[in-house]
Amino acid sequence: MYDEIFMIEDPSKRNPRFWEELFLMKVNLEYLEGKLESLDGEELMKIKDNMNCLFQHCIQALGEEHPIRVVNALQTLCALIRGVHHKNKSTSGFDIINMLMGFDKAELCMKNLMESLDALLCAEGSESLKSLCLKLLLCLVTVTDNISQNTILEYVMINSIFEAILQILSNPLSRREHGYDSVVLLALLVNYRKYESVNPYIVKLSIIDDEATLNGMGLVIAQALSEYNRQYKDKEEEHQSGFFSALTNMVGSMFIADADEKISVQTNEAILLALYEAVHLNRNFITVLAQSHPEIRLVTEPISPVPTTPVTPLGTTPPASDVISTAELPFDADVQTSNLLITFLKYSSIVMQDTKDEHRLHSGKLCLIILTCIAEDQYANAFLHDDNMNFRVNLHRMPMRHRKKAADKNLPCRPLVCAVLDLMVEFVVTHMMKEFPMDLYVRCIQIVHKLLCYQKKCRVRLHYTWRELWSALINLLKFLMSNETVLLAKYNIFTLALMVINLFNMFITYGDTFLPTPSSYDELYYEIIRMHQSFDNLYSMVLRLSTNAGQWKEPASKVTHALVNIRAIINHFNPKIESYAAVNHISQLAEEQVLEVVRSNYDTLTLKLQDGLDQYEQLVSHSSSPLINVRQNLAFNTLSQEVLLKEFSTIS
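All values derive from a computational prediction rather than experimental measurement.

### Notes on the overall build of the chain
Part 1 of the argument: A tally of helices and strands in the chain yields 33 helices and four strands.
Part 2 of the argument: Here the chain holds 652 residues, and the buried ones make up 55% of them.
Part 3 of the argument: Long-range pairs, those at least 24 residues apart, make up 80% of the contacts in the chain with a sequence separation of at least 6.

The structure is reproduced here in structure tokens:
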């Protein structure tokens, strides 16, 4: 029957019941898409009327009472949309909307289609039909590489399905079946011409205040991230107990890089995009980050399982990590004290380990953008720093030759901001490499700065091992200096160096307002004095470049000026330490002796007050749009014909 559609003549002339019979026939997606692919632009234009008829009859069939007709119509629409778009990639000369519907009928066609899909999604009917509706919508949204060039979505903007998506997310049963597809669909629709016109989905998402809907959205995101974390942990344990691990132990850690590759799990950028949009657009969603999820428990069989077996591919099928189970997925072992933010931090610690892989690089960037949004939010900062909300967060750490693997059992319970800082320190320490991820480093340092600004403003004295942060920052400066020539050929490293120096300036100028004890402030001075050679070398480097008339004159001079207080501390205390050592005939002073010299010489130290250290520019969405290719995370599967027939076996 498909062959008749691809003839110039109207197939209903020979057989008046052609269209009725077509939707009773099993859909052959591969044949239909292959047939469209085999035609050139001119041949396709000759059968445009038949294509328009097929599209319109598919939409009409969505209103049928017999579910099989509806299923076949949905599958046929998927194949048509994909086939025509795919053809348009290689052949110009026809417009997709005109080819599918005809310009004159496009508005009415899409209105009827969206109304039918909305009705099917909101009805209490078959879950399989709802699943197919969402697959069709996802197919429609992701069919072009750039979502904003997908003109058909103008009709999806006009005929909103936003309320249908919210209904799915607010209902535990429908969310269990369709939550993942619904959340990703919403995130994608929000990104359509985001900065070019008024997108109704952005407006509506930003004003949701219904607790059930927001919690539902958070639960779906938490499940997907938690499943990724679980899979990674399983692979890690499998790897550690395997032959490769034994071999690695025999010969030391020379194969660490290979071992890391063995336990890589495909990243889930689609769900990260959804989390970003929720956090960025809706202030009410921030409260969801801190809430534990009582619905998440051990996987149990649902009372009446609904068949959702994917068989016929409509696109790239993602790995199991990206498909939500029919039962609510569990968090990991510490389920009682888990929440979305903890799960996200664990996820981030995994994907940010290896930024050499392009997908992980995108995921790492998106994780840092999300953390930036969180670090800028007053309410989020309040619960991050809340002493009454302590958690044990087991972040994944990159295997490195010079450090031992931390024991999970020894993790202390601390405010969540400590885990965020740990994650930032871990990133700084582990990514000093030839393929230097400058953009990620800048975002990382910005997050630390924003957290410090909150602590200074609210006088939060956080009990954190600040020395680890100071040490990581100094090592970063040393790396920038030792790789000056290579890095300057690609980046303005002085922007990053200035940000690092200004973090130290924050501690020097305002540390007395947020460091936990006076001795912490003494330790800051000790670290600066102990590592004075690194600061001296940096000063020499920026002074050399700022006195030349090259392109780095201005950015280097900014670093020169920023170093004024650090150099004042070094120049003030070093002579006094040397004098103390000479008087007491000590060649090497212990830490406590240096601290004693520091404490007794504060009163004669003169520092300059530097303006603007506790101020920052907020994340500008337009300049950091995180829209990425998320097709790999979508299961574009139709449902097995056999399963559907079994479900609808009551049809006479």
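### Observations concerning the pattern of salt bridges
Part 1 of the argument: Overall, the coordinates contain 21 salt bridges when judged by the stated rule.
Part 2 of the argument: For the salt bridge of glutamate 227 with arginine 230, the shortest nitrogen-to-oxygen distance reads 2.6 Å. Of this pair, glutamate 227 and arginine 230 both sit in helix 15 (residues 211–240), three residues apart, which is roughly one turn of the helix.
Part 3 of the argument: For glutamate 227, a relative accessible area of 9% corresponds to the buried category.
Part 4 of the argument: Judged by its relative accessible area of 34%, arginine 230 falls in the partly exposed class.
Part 5 of the argument: The structure contains a network of salt bridges with shared partners spanning Arg467, Glu527, Arg530 and Glu591.

### A few points about unusual backbone geometry
Part 1 of the argument: Positive phi, normally seen in glycine, also occurs at arginine 193, with a value near 40°.
Part 2 of the argument: Unusually for a residue other than glycine, histidine 585 sits at a positive phi of about 55°.
Part 3 of the argument: Here histidine 585 shows up in the loop between helix 31 (564–583) and helix 32 (591–599).

### Side note on the confidence of the model for the chain
Part 1 of the argument: When the pLDDT values of the chain are averaged, the result is 82; 79% of them are 70 or greater.
Part 2 of the argument: Long-range and interchain partners of residues 622–627, a stretch whose pLDDT sits below 50, account for 12 contacts in this model, where long-range means more than four residues apart.
Part 3 of the argument: Taken together, the stretch residues 648–652 has pLDDT below 50 and engages in eight contacts with residues farther than four places along the chain or on a different chain.

### Quick look at the environment of threonine 604
Part 1 of the argument: Looking at where threonine 604 falls in the secondary structure, it is placed in the loop between helix 32 and strand 4 (637–639).
Part 2 of the argument: Each C-alpha atom, one on threonine 604 and one on phenylalanine 573, is 9.9 Å from the other, the two residues being 31 residues apart in sequence.
Part 3 of the argument: Residues within four places of threonine 604 in sequence aside, it is in contact with His572 and Lys576.
Part 4 of the argument: A polar contact is formed between the side chain of threonine 604 and the backbone oxygen of asparagine 601, at a distance of 3.2 Å.

### A short note on the packing of aromatic side chains
Part 1 of the argument: According to the stated counting rule, one finds 19 aromatic pairs in the structure shown.
Part 2 of the argument: Between tryptophan 470 and phenylalanine 507, the ring centres sit 5.5 Å apart and the planes meet at 90°, which makes this aromatic pair edge-to-face. Of the two residues, tryptophan 470 sits in helix 25 (residues 466–482) while phenylalanine 507 sits in helix 27 (residues 493–514), which places them 37 residues apart along the sequence.
Part 3 of the argument: Its relative accessible area of 1% is what places tryptophan 470 among the buried residues.
Part 4 of the argument: An angle of 90° between the planes, with centres 5.8 Å apart, marks the rings of tyrosine 525 and phenylalanine 573 as edge-to-face.

### Observations concerning the packing of helix 13 (residues 172–190) against helix 15
Part 1 of the argument: Running from amino to carboxyl end, helix 13 crosses helix 15 at an angle of 95°, the nearest separation of the two axes being 9 Å. Between helix 13 and helix 15, the interaxial angle falls into the category roughly perpendicular. For the pair helix 13 and helix 15, contact is made by Arg175, Gly179, Tyr180, Val183 and Leu186 and by Gly216, Met217, Leu219, Val220, Ile221 and Ala224, respectively.
Part 2 of the argument: In terms of residue class, the contact of helix 13 with helix 15 is made up of eight nonpolar, two polar and one charged.

### Describing the side chain of histidine 431
Part 1 of the argument: Looking at the secondary structure, you find histidine 431 in the loop between helix 23 (416–430) and helix 24 (438–458).
Part 2 of the argument: Residue classification places histidine 431 among the buried residues on the basis of a relative accessible area of 2%.
Part 3 of the argument: Not counting chain neighbours up to four residues away, the residues in contact with histidine 431 comprise Met352, Gln353, Asp354, Thr355, Met398, Phe436, Pro437 and Tyr441.

### Some thoughts on the environment of serine 482
Part 1 of the argument: Tracing the sequence through the fold places serine 482 in helix 25.
Part 2 of the argument: For the pair formed by serine 482 and asparagine 537, sequence separation is 55 residues and the distance between their alpha carbons is 10.0 Å.
Part 3 of the argument: One polar contact links the side chain of serine 482 to the main-chain carbonyl oxygen of phenylalanine 479, over a distance of 3.1 Å.

### Brief notes about helix 29 (residues 532–546)
Part 1 of the argument: In a regular helix each residue adds 1.5 Å, so 15 residues correspond to 21 Å; helix 29 covers 21 Å between its end C-alpha atoms and thus fits that length.
Part 2 of the argument: Along helix 29, the residues classified as buried are Ser534, Phe535, Leu538, Tyr539, Met541, Val542, Leu545 and Ser546. All buried residues of helix 29 project into a common sector of 165° when viewed along the axis, lining one side.
Part 3 of the argument: In the core, the buried residues of helix 29 are packed alongside helix 25, helix 26 (484–488), helix 27, helix 28 (518–530), helix 30 (553–562) and helix 31.

### Comments concerning the side chain of histidine 385
Part 1 of the argument: Mapped onto the elements of the fold, histidine 385 is located in the loop between helix 22 (378–384) and strand 2 (390–391).
Part 2 of the argument: Overall, histidine 385 belongs to the buried group, its relative accessible area being 7%.
Part 3 of the argument: Here asparagine 381 takes part through its backbone oxygen, which lies 2.8 Å from a polar atom of the side chain of histidine 385.

### Section: the state of the cysteines
Part 1 of the argument: One pass over the full model with this rule turns up zero disulfides.
Part 2 of the argument: No disulfide involves cysteine 133; its sulfur sits 9.5 Å from the nearest other cysteine sulfur, which is in cysteine 78.

### Section: the packing of helix 25 against helix 29
Any two packed helices are characterised by how steeply their axes cross, that is the angle between the axes, and by the distance between the axes.
Part 1 of the argument: Close contact between helix 25 and helix 29 brings their axes to 10 Å; oriented N to C, the two are set at 40°. Viewed along their axes, helix 25 and helix 29 adopt a mutual orientation that is oblique. The handedness of the crossing between helix 25 and helix 29 is left-handed. Mapping the contact onto sequence places Ile474, Leu477, Lys478 and Met481 in helix 25 and Ser534, Phe535, Asn537, Leu538 and Met541 in helix 29.
Part 2 of the argument: Of the residues contributing to the contact of helix 25 with helix 29, the split by class is six nonpolar, two polar and one charged.

### Some thoughts on the environment of threonine 606
Part 1 of the argument: Along the polypeptide, threonine 606 turns up in the loop between helix 32 and strand 4.
Part 2 of the argument: Along the primary structure threonine 606 and histidine 572 are separated by 34 residues, whereas in three dimensions their C-alpha atoms are 8.7 Å apart.

Definitions and limits used
- Residues numbered from 1 in each chain as written.
- Predicted model: local features only at pLDDT ≥ 70, side-chain atom pairs only at ≥ 80, totals over all residues.
- Heavy atoms only, no water.
- Helix = DSSP H or I, 4+ residues; strand = E, 2+ residues; numbered from the N terminus.
- Buried < 20%, exposed > 50% of the residue type's maximum accessible area, 1.4 Å probe, protein only.
- Contact = heavy atoms within 4.5 Å.
- Salt bridge = Lys/Arg side-chain N within 4 Å of Asp/Glu carboxyl O.
- pLDDT = per-residue confidence, 0-100.
- Polar contact = N/O pair within 3.5 Å; in protein donor to acceptor, adjacent residues only side chain to side chain.
- Phe/Tyr/Trp six-rings, centres within 6.5 Å; stacked < 30°, edge-to-face > 60°.
- Axes fitted to C-alpha atoms, helices over the stretch in contact; angles between N-to-C directions.
- Parallel < 35°, antiparallel > 145°, perpendicular 65-115°, else oblique.
- Nonpolar A, V, L, I, M, F, W, Y, C, P; charged D, E, K, R; others polar.
- Expected span 1.5 Å × (residues − 1).
- Arc of directions from axis to C-beta.
- Disulfide = S-S within 2.5 Å.
- Left-handed = near helix turned anticlockwise from the far one by under 90°.

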